[in-house]
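Examination of the molecular architecture
Listed here are the chains, written in short residue letters.
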Amino acid sequence: MRSSVWFIANCALILCTHRRTGGAKGQRQCSESDYYYEYTECDSTGSRWRVAIPHIPEACTGLPEPVRGTECTFSCAAGEFLEMSAQECTQCAAGSYSLGSGIRFDQWDSMPAGFSSLATSLENSPQGDDGITCNSSSWVPQGNYMESNRDECTVSLIYAVHLKKLGSVSFDYQYPDNNLLFEFFIQNDQCQEMDQTTDNKWIKLTNHGEWATHTVNLKSGTNILYWRTGGVLMGTKVVKPVLLKNIQIEGVAYTSECFPCKPGTLSRVPGSSACESCPRDTYSGHGASSCTRCTTSTQYASEGSAACKDRPPCSKKDYFQIHTACDNEGKTQVIYKWIMPKICLEDVAGAQTLPPSGEREPCPPCNPGFYNNDTATCSPCPPGTYSDGTKPCERCPAGTEATLGYEYKWWNVLPANMKSSCFNVGNSKCDGMNGWEVAGDHMQSGAGSSDNDYLILNIHVPGFKLPMSISNHSVTEFGRITFEFETSCKADCDLYFMMDVNRKSTTVVESWEGSKPRQTYTHVVTKNASISYTWAFQRTNQPSDVRRQVNDVARIYSVTVSNAVDGVSSGCRACALSSQPSSSTCVPCPAGHYIDTRTNKCTECPPDTHLLSHVTPGPEACKPCGPGSKSDKDHSLCYNDCYFNHTDGNVSLTFDFSHLGSVGSLMNGPSFTSKGTKYFHLFNIGLCGGKGHLATCTDNVTDLSIADSQREKGEGANAVRTFICQSTIIPATGRGFHTALASQSINLADIFLGATVESTLDGIKATPESFPQTSKKVPDVNFYYRSLEATSSCESGRSAVVTLRCNPERTTKGELSVPSQCPAGTCDGCTFQFLWESSGACPTCTERDHHSIEGACKGGHQDVLHVWNEPKLCMGGVSLPEKKTLPCDSMDFWTRLGAGLGAFTAVLLVSLTCYFWKKNKRLEYKYSRLVISANKECEMPGADSCAVMEGENDGDLEDEVVYTKPSLLGKLKAIASKGNGEHYENVQLNSSHSKALVWS
């Protein structure tokens, strides 16, 4: 922007020469008010010229001639400015200030000259009117600071400056919400981004209400400064905006004028390099050298005020109650105090007076681990002793050790390791206000100086110490912090629970918006480090400088921290004793061992069980692993070793999932927010294996205090290392950011429950209908996981099911997918479903998965081939047997023999058929003869039978028949008896005559 100034200066030099030659006859002579001085660009020798620039071109004539200016390296000291007429440094007058070689912007009633706000079009949006949705997004001046946009639009605050020498830029900021990305970078006049380290570009998070300072070095020449914000992902909660103030730029070489002090500040003496705030109950205007007192009887003004305000009548919003400390008689009482500084009036109509103090009441008991030894205060029990808070401290009996930690449930005074404070959004701290107040059986948020103040409660834990019995274990849980709370609000209040590991970066663990019923929240500590836990309560997220919602309150009823290294003891825990006789010294157990409370000896957990470190010692501390899982050698966790067996009837299937690899990844989407921001969900799944095969998700923006090697190992404050984790990915294109961004890494599964073909396990249900299966020859194998980290929406923690499906058309690595109706992997935000289709998910091949094919016999030989059953639904395992070639002569002999036997059998059957047919005809003939003869010879009545008389021919004898048709068996018997020469026939005549028996 400054380059245009130099262009105008050069043009003015030519214009002056033209006017001297008579080009402006008849114009008036220029006075000092008609022009100002400016320097030309420095030449190669480091020289420059001072030229006069008219305020209105051609308004007058006779501008001063150009003269040689000061050296390009010349600069004035702080509190001075360069008086261009004499080209000498001059002190600033009282009521103004100067940085000498720099400029400062600390007044934000409106956008300062030279600043601009630019919203970037969301090019990734599927809609066509992307840019229109972000037109209303902008940086907004709020008096003492600039406030960024509160949506996912990318908005830049831009300022261009031309430096004569090396310089720097510094600014104060608040950046409490990692749902909003915040970067600062610099471009030259060719719009090329200058080299910056990652630490300088991506701004680190700050605590709620606290201001941090960021400083970056600048090169000489044109520098275009960008403060850019953009939402990661907008949910139901309102994002906390970035606040910016006190921008200071060094390296401009000189300033030709001093800056007047902003209202509410003053500079008392000439040559000031900064302005100071007016004291309380005083005010000042623009460029003041002194502050004016308010009429304190009817007016007030806070520190740094630009005007006085009328004092309102006192109301309930102007006082609060506290519990006094216990006195020597063990009594306390509720008293009321005015919120200081007191700004209300008691002696006006409608004003409320301060309520009288309450009656003296017995003090509540001491908190567990403390005792009251007939004094007014509670003292911690000595090491090795314990107390429940109502009794004197006692020493733990033999075979036990004192547990360490804190259990606060009585709030007569603020505990020694807790601090309360109040931070005003626009300033550093609230005026003499405490953030939280003790109230007997609970802590509650204080009044604050305005509704958008952050009311802070902090507890610091320097480290954690595991019980002696498990101190040598490879544990994943070092302690727990549990608190019971509730919120009651009419406005859009927020309660934040945050943690700061090793004083590096504060991150929000969980937050609650609006009124919430009384409930308990637990956070598991997975790293032994110095941790500060913070509760921050804000009544409204909107700018405010008054108290209207003072009745909106947050209450904390109890806070419990286990295994705190500086904690006290509220009880005793069984420990293992030394093996020496009569020893009462507690010793650590080996990894995977629990304490047998009967013998006080270390006992190893049974196979395929894992040790729970937070439960009471005993066999119950060893929890069995689920189906299809085993425990590591330390019994610290259960996992699947990539092998799974399933038996259905007499068929046994063996699966080897090691072909799928150690960690699988799925990036689903894209998805779009309401304003069109494109984002993806990246899931990393460590399917099987122990601690060395877990998945890792990291934030590449808000976790800049660690090295890349540490980030890959999941060692950062915002890194997640578990079985299944998720990150939100925003692509680089279309947002103005120069790299893909990973943020909001969360833990989905840190406990492996088991692997089974069943659709339910431990209360978690798989949804087979979400992934329709075309073939059911090979069952799906479901891996069940759970995360015990509770959230405001998932009180029991999250759960996940990974369904492994055999698909021979997929690669060995396979492909992950989520249900089509739940593109984020979950439909309720708590249960996640994944399908992993792969040929590597098919069972191991066995002999039943292939069959043989016999070739034709050629040249006395025959080939025997083995091929897989189609479709091939197996992987690895046995191989196909090699092709075999066998002789086939023996096969021809048996074929001919079989054909001969078949022909002989056929001829025999035909012969027997013909024989019996002929025999049957003869029998029919005999039967006819017998019927005829019976009609002729046996006509007289009375005869019971007719017989063939002796002397008849043999042919007639052979024609003996029976009246009824004999059976085949009878025929065969008759033939057999005839062949032996001994035969007789019983012939039964079925006629109208009497029956007769014939012998022959």
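Treat the numbers as computed from the prediction; the structure is a model and nothing was measured.

Rules and cut-offs
Residues numbered from 1 in each chain as written. Predicted model: local features only at pLDDT ≥ 70, side-chain atom pairs only at ≥ 80, totals over all residues. Heavy atoms only, no water. Helix = DSSP H or I, 4+ residues; strand = E, 2+ residues; numbered from the N terminus. Buried < 20%, exposed > 50% of the residue type's maximum accessible area, 1.4 Å probe, protein only. Contact = heavy atoms within 4.5 Å. Areas by Shrake-Rupley, 256 points an atom, 1.4 Å probe, with all protein chains shown as cover. Core = buried A, V, L, I, M, F, W, Y, C linked by side-chain atoms within 4.5 Å. Patch = residues over 30% accessible without salt bridge, like charges linked within 9 Å, V, L, I, M, F, W, Y side chains within 5 Å. Salt bridge = Lys/Arg side-chain N within 4 Å of Asp/Glu carboxyl O. Phe/Tyr/Trp six-rings, centres within 6.5 Å; stacked < 30°, edge-to-face > 60°. Lys NZ or Arg CZ within 6 Å of the ring centre and 35° of its normal. Pairing = 2+ DSSP bridges. Axes fitted to C-alpha atoms, helices over the stretch in contact; angles between N-to-C directions. Disulfide = S-S within 2.5 Å.

1. Points about the overall build of the protein chain
For the protein chain, the helix and strand inventory stands at seven helices and 70 strands. Burial status across the protein chain gives 46% buried among its 1000 residues. Here the analysis covers contacts within the protein chain between residues at least 6 apart in sequence; of these, 67% occur between residues at least 24 apart. Looking at the protein chain as shown, the accessible area adds up to about 49,700 Å², and 51% of this sits on carbon and sulfur atoms.

2. Section: the nonpolar core
Of all hydrophobic cores here, the largest spans 50 residues; its most connected members are W436, F497, Y533, W535 and V561. Dropping the residues within four chain positions of it, F497 is found in contact with I481, F483, V508, V509, E510, W512, Y521, H523, Y533, T534 and W535.

3. Observations concerning a nonpolar patch on the surface
Side chains of F904, L908 and L912 sit close together on the surface and give an oily, nonpolar patch of about 300 Å² of accessible area. Summarising the element assignment, F904 is placed in helix 5 (residues 889-937).

4. Overview of the pattern of salt bridges
Tallied over the full model, the rule gives 17 salt bridges. Across the pair E183 and R228 runs a salt bridge, and its minimum N-O distance is 3.8 Å. Here E183, found in strand 13 (residues 180-187), pairs with R228, found in strand 15 (residues 221-231); they are 45 residues apart in sequence, far enough to count as distant. Just as E183 is buried, R228 falls in that class too. Put simply, R518 and E484 hold a salt bridge, and the shortest N to O gap is 2.7 Å. Of the two residues, R518 is situated in strand 41 (residues 516-525) and E484 in strand 38 (residues 479-488); the sequence distance between them amounts to 34 residues.

5. Brief notes about the environment of R268
Structurally, the position occupied by R268 is in the loop between strand 18 (265-266) and strand 19 (276-277). Residues within four places of R268 in sequence aside, it is in contact with A94, E276 and S289.

6. Points about the packing of aromatic side chains
Here the structure, examined in full by the defined rule, presents 39 aromatic pairs. With a centroid separation of 4.8 Å and 5° between ring planes, the pair formed by F185 and Y226 is classed as stacked. In this pair, F185 is assigned in strand 13 and Y226 in strand 15, connecting sequence segments 41 residues apart. An identical accessibility class is assigned to F185 and Y226; each is buried. Both rings, one in F497 and one in Y533, keep their centres 5.7 Å apart while their planes meet at 5°; by these two values the pair is stacked. Of this pair, F497 sits in strand 39 (residues 494-501) while Y533 is found in strand 42 (residues 531-538), placing the two residues 36 residues apart along the sequence. Side by side, F497 and Y533 carry an identical accessibility label, which is buried. Feature note: the residues F105, W108, F115, Y159, F171, Y173, Y175, F182, F184 and W227 constitute an aromatic cluster, connected by ring pairs. A cation over a ring is seen here: K245 above W211, with NZ or CZ 4.3 Å from the ring centre.

7. Things to note about the sheet that holds strand 61 (residues 751-756)
Read across the sheet, five strands follow the order 61-64-65-67-66 without closing on themselves; strand pairing throughout is mixed. Strands with a single pairing partner mark the edges of an open sheet, and in this sheet they are strand 61 and strand 66 (815-817). For this sheet, the mean inter-axis angle between neighbouring strands, taken without regard to orientation, is 20°. Judged from the eight bridges that link them, strand 65 (residues 799-806) and strand 67 (residues 831-838) form a sheet pairing that is parallel. Residue pairing in the sheet places V802 in a bridge with F834 of strand 67.

8. Comments concerning the state of the cysteines
Tallied over the entire structure, the rule returns 22 disulfides. In this model C92 forms its disulfide with C258; the gap between the sulfur atoms is 1.8 Å. In this structure, the disulfide formed by C92 and C258 twists by about -85° around the S-S bond and is classed as left-handed. Taken together, the residues span a long stretch of sequence, with C92 in the loop between strand 5 (88-91) and strand 6 (96-97) and C258 in the loop between strand 16 (243-250) and strand 17 (259-260) at a distance of 166 residues. For C92, a relative accessible area of 1% gives the class buried. Note on C258: relative accessible area 17%, which makes it buried.

9. Topic: the environment of G46
Within the secondary structure, G46 is located in the loop between strand 1 (35-39) and strand 2 (49-54). What makes G46 partly exposed here is its relative accessible area of 30%. For the pair G46 and T73, spaced 27 residues apart in sequence, the C-alpha to C-alpha distance is 8.1 Å. With near-sequence residues (within four places) excluded, G46 lies in contact with E71 and C72.

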